[in-house]
Amino acid sequence: MDAMEEIKQVFFQECEEQLFELEAGLLTIERGDFDPETINAVFRAVHSIKGGAGAFNLTDLVHFAHVFENTMDLVRVGKLEPSPGLIKLMLRAADILADLVRAARDDDTSDPGPREAMAAELKTWTPGAIPPPQAAAPPPVAVAPKEASRNNDDGFVFVPTKVDLNDFEDLSLAPTTHFRVIFRPKAELYAKGNETTILFRELGRLGPMHVACDISELPPLEDMLPEGAYLSWTVHLETSEEEDKIKAIFDFVEWDSTLEIEVTDGMRADDAKEEPFVFKPTMVDLSLLETIVPDPIDGAEASVIEPLASAAKPPQAAPAPAKAEKPSGDDHAPAEKKDAAAATIRVDLERVDRLIDLVGELVINQAMLTERVAELGLARMSAVSIGLDELEQLTREIQDSVMAIRAQPVKSVFQRMPRLVREVALQTGKNVRLVTEGEGTEVDKTVIERLSDPLTHMIRNAIDHGLEKPDVRRAAGKPEEGLLKVAALHRSGRIVIEISDDGAGINRSRVRSIAVEKGLIAADAKLSDEDIDNLIFLPGFSTAAVVSDISGRGVGMDVVKRSIQALGGRISILSRPGLGSTFTMSLPLTLAVLDGMVVSVAGQTLVIPLTAVVEILLPQATTVHNFGGNARVMGVRSEFIPLIDVGQVLQFRQEDIDPKSGVALLVEAEGGVRNALLVDAIQGQRQVVIKSLETNYGHVPGIAAATILGDGRVALILDVDAIVVDSRNDIASSLPLAG
Amino acid sequence: MSKIILTVDDSRTMRDMLRMALTAAGFEVVQAEDGVHGLEVLAEQKPDVIITDINMPRMDGFSFIENVREDDQYRAVPILVLTTESDADKKLRARTAGATGWIVKPFDPVKLVDAVRRVAA
């Protein structure tokens, strides 16, 4: 069943959202926020998962969710205190629920051990009053077939015109029972939207019947309340169905009426005396019936016999309700109907990617066109130029919109972190509180996908190596619970992710001695604190005396650094002994386009990401000063900023140029450090499509990527931070940290 | 003319299932995500039957039913409540709020259509 399979996929997607809500909610409660709405949301999440799971016969999931829900319900109604211990248990239960969801999705059979243990643990919180889940939630598997066969008779309709009671007695086809049903509705029945006629119509489906109305209670007109209930009915029904089936029809109204059902030996027994009101065949609007339930029986003649005969039919012979009668052309009708609720559509990612590629080409093409037109030397205000400007704007808007399709909040990565933290904390015996910030920060999907691994590794690392064990922390006068903060934010057109802990900080003397031991640095190397911290990014470096299975796994920080660099990102450390460390990753928002400033340096055309550029300055003889050997600084509003000659760093030229002949771009690098980049001239500002240099050629220090300009030439895109770092290394050139 | 059924449920899965079962049975389906949204949809559409969940954010099923019943236009429209495990407590509360009947989750399409038919004129 295709449609069902599709809904199942939706269900699993929704489960992921619910699981996130569940975890987020529990974490909120853990922080001491007992807002009833949060508790409700948490409850709802589990409840929803259970409901959906029931529909798809995911028995394991239903059972576990049920136990979980019961415990949670007690918290919700205030019978159970959400103690830290209980919430911690629930968080673990949420993890198990997540595993069950995933197992169900991938058709895996998960190990029942953990969930049974957890279910048992959860049950210890619920007093005996709560029935065991098996009793309360019978596996839906068992219900469905029974239900189907019971509803076997849905396909046929009682057609009143054909009923002839004499015939019935003579035919005696199937064992039938005669029932007398006395039904007295109360006014509430009508107030709740129930309708006697409909009930009788449904009753009529069970077999031939005879309805008598008792109007003796009817008051004189002047006393009659328009909404009062004064009539009662006596129905004689002959059916092969059980009494339960009759009761089921009155299921909705049993509270608002009195109902007597009794078995009689025959219909004629007592209805001869008074028949003030006969339920006549003509009262039933057949066309109305047919809109609801199709009549699969062809000949009208057959209708009398058929109901009784078909009651014995096996379930598979039951006609498909409703669908059978619809003309085939109608099948598509639901899809064409106006759909008020559908606000989102799901699109294959490939299509979006193709669109992005095409837009990239469009941008290049439009740039080329602009250049051709410029070559014609048309006036700025000419119709062509104006049209071209408009085209440019439209192109940009299309581009932004297309990129927005792929942009996703980092939430999808962040929501995996609490569980990771819990597990690593458990393995290492540390108490960790995870705080996440900026989950709504949006970034391109491709970036998000590749963010997960480095982030996971860094979090493991922070807990394993950064945070101390509770006793150590206590001795150091810190709270036993370590704090791990993961924050995402947008900064100058990039996404920055900070992972900070309040642990011991990097043990620099140890890092240094390990680096010496492994031959990574000379024993007498003069290194700043920052340089030592950065040693952990060197290949082959691992600080843990015994490689733990937490952050070990043969993956070092060098791999993390490389994978971030491959994304056009950077990573830096700020560590304070005894106070903790902060790892900062900075990544481009998209891997597709950027706004760049096109500059020329020593005859080469380069692109500098516009997001890095703060200001453009013209160096004057009075503002540029020599500093040390070959370094220069530039005075900018009572501040001295290093002036870096891009041509020299990239080794386009060896000799100094006269700063006055060039232009300085004030750029902001990692950590807000300001530098001035000296270039020969600015050509203009343009949107460029990023073409990866790594995939097409290889990594070039100081260069982030390449692009194709309007004239078809390739220009390199500068990695501003790398240039700044490189220039520093040039100054203190003895360090083994280049790159 | 096919009947219009308004379904109010915060779960996308449930909404999809309701839509599938009901459209297959020839009903026209309009949907809302919670009670507040339900009332908004109600202002634009005139459903013949309403099916609502109980546990929903913003406005739950009980208040939704009460709000619907307060509207003269809809005080007699049949409302079915989606409940789990024939929860007697919830049924009672739903009835007090003015629900016409209920559907026990998980439902199969036949049961659902059956219940709708039992209240739809």
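Keep in mind it's a predicted model, so treat the numbers as computed, not measured. (Residues numbered from 1 in each chain as written. Chains lettered and ligands numbered in written order. Predicted model: local features only at pLDDT ≥ 70, side-chain atom pairs only at ≥ 80, totals over all residues. Heavy atoms only, no water.)

(A) Just the overall build of chain B, in detail. On a plain count of helices and strands, chain B comes out with five helices and five strands. Each helix and strand of chain B, ordered N terminal to C terminal, gives the series β-α-β-α-β-α-β-α-β-α. Within chain B, the proportion of its 121 residues that are buried is 66%. A separation of at least 24 residues holds for 60% of the contacts in chain B among residues at least 6 apart in sequence. As presented, chain B carries roughly 4100 Å² of accessible surface, and 47% of it is formed by carbon and sulfur atoms. (Helix = DSSP H or I, 4+ residues; strand = E, 2+ residues; numbered from the N terminus. Buried < 20%, exposed > 50% of the residue type's maximum accessible area, 1.4 Å probe, protein only. Contact = heavy atoms within 4.5 Å. Areas by Shrake-Rupley, 256 points an atom, 1.4 Å probe, with all protein chains shown as cover.)

(B) Region of the structure containing the packing of aromatic side chains. All names here are of chain A. Applying the stated criterion across every chain yields a total of six aromatic pairs over all chains. Between the aromatic rings of Phe64 and Phe68, the centroid separation amounts to 6.3 Å while the plane-to-plane angle is 55°, which identifies the pairing as tilted. With Phe64 and Phe68 both in helix α3 (residues 59-76) and four residues apart, this pair spans about one turn of that helix. Classification of Phe64 as buried rests on a relative accessible area of 3%. Assessed through its relative accessible area of 0%, Phe68 is described here as buried. With centroids separated by 6.2 Å and ring planes inclined at 75°, the aromatic side chains of Phe183 and Phe200 adopt a geometry described as edge-to-face. In this pair, Phe183 is assigned in strand β1 (residues 177-185) and Phe200 in helix α10 (residues 196-204), connecting sequence segments 17 residues apart. Given the relative accessible area of 0%, Phe183 is considered buried. (Phe/Tyr/Trp six-rings, centres within 6.5 Å; stacked < 30°, edge-to-face > 60°.)

(C) Layout of the environment of Val688(A). Here Val688(A) lies in strand β20 (residues 681-689). Taking the C-alpha atoms as reference points, Val688(A) and Ile708(A), 20 residues apart in sequence, are found 7.4 Å from one another.

(D) Structural detail: the pattern of salt bridges. Residues and elements named next belong to chain A. By the definition in use, this model includes 35 salt bridges over all chains. Salt-bridge contacts for Glu23 lead to Arg422; the nearest nitrogen and oxygen are separated by 2.6 Å. Of this pair, Glu23 sits in helix α1 (residues 2-30) while Arg422 sits in helix α19 (residues 417-428), and the two are 399 residues apart along the sequence. Of the two residues examined, Glu23 and Arg422, each falls in the buried class. With a shortest N-O distance of 2.9 Å, Arg473 and Glu468 are connected by a salt bridge. For the pair Arg473 and Glu468, one class covers both residues: buried. Ionic contacts of the salt-bridge type, sharing partners, join the residues Glu23, Asp95, Asp99, Arg419, Arg422 and Glu423 into one network. (Salt bridge = Lys/Arg side-chain N within 4 Å of Asp/Glu carboxyl O.)

(E) Highlighting the environment of Gly578(A). All names here are of chain A. If you trace the backbone, Gly578 turns up in the loop between β10 (570-576) and β11 (580-588). For Gly578, a relative accessible area of 35% corresponds to the partly exposed category. Sequence separation between Gly578 and Glu468 is 110 residues, and the spatial gap between their C-alpha atoms is 10.0 Å. Not counting chain neighbours up to four residues away, the residues in contact with Gly578 comprise Lys478, Gly503, Ala504 and Gly505.

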